[in-house]
Amino acid sequence: MFTIDAARLAQLDAGVVETGCVADLIVLPRDPLSLTATELMNLAVDITIVGGRVIYERGRPAIASSDSADLHSS
């Protein structure tokens, strides 16, 4: 939702979320635009993706977010 404008402001060649692109993003359980600053600050993140890899998923064991973990389902 914020990627294109943020990339433009930072003068980065980035900012799209589409198939084949590497992603850095988070997934939140609620709409961040409907929250107060305090609610947003205290909101738990569901998933964090950096460089196209899931590095954190709420509810998964800590090993799932290690660099050596194979996070792809077969």
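Residues numbered from 1 in each chain as written. Predicted model: local features only at pLDDT ≥ 70, side-chain atom pairs only at ≥ 80, totals over all residues. Heavy atoms only, no water.

Caption draft 1: Here's a closer look at the pattern of salt bridges. This structure, assessed with the given rule, holds three salt bridges. One salt bridge in this structure joins Arg 60 and Glu 57, with 3.5 Å as the shortest N-O distance. The exposure class assigned to Arg 60 is partly exposed, which follows from its relative accessible area of 40%. (Salt bridge = Lys/Arg side-chain N within 4 Å of Asp/Glu carboxyl O. Buried < 20%, exposed > 50% of the residue type's maximum accessible area, 1.4 Å probe, protein only.)

Caption draft 2: Summary view of the sheet that holds strand β1 (residues 25–27). If you walk across this open sheet you meet the three strands as β1-β2-β3, and the pairing is antiparallel. Two strands lie at the open edges of the sheet, namely β1 and β3 (53–57), each paired on one side alone. The mean angle between the axes of side-by-side strands here comes to 20°, regardless of whether they run parallel or antiparallel. As judged from the three bridges shared by β1 and strand β2 (residues 47–50), these two strands associate in the antiparallel manner. Bridging across to β2, Val 27 finds its partner in Ile 47. (Pairing = 2+ DSSP bridges. Helix = DSSP H or I, 4+ residues; strand = E, 2+ residues; numbered from the N terminus. Axes fitted to C-alpha atoms, helices over the stretch in contact; angles between N-to-C directions.)

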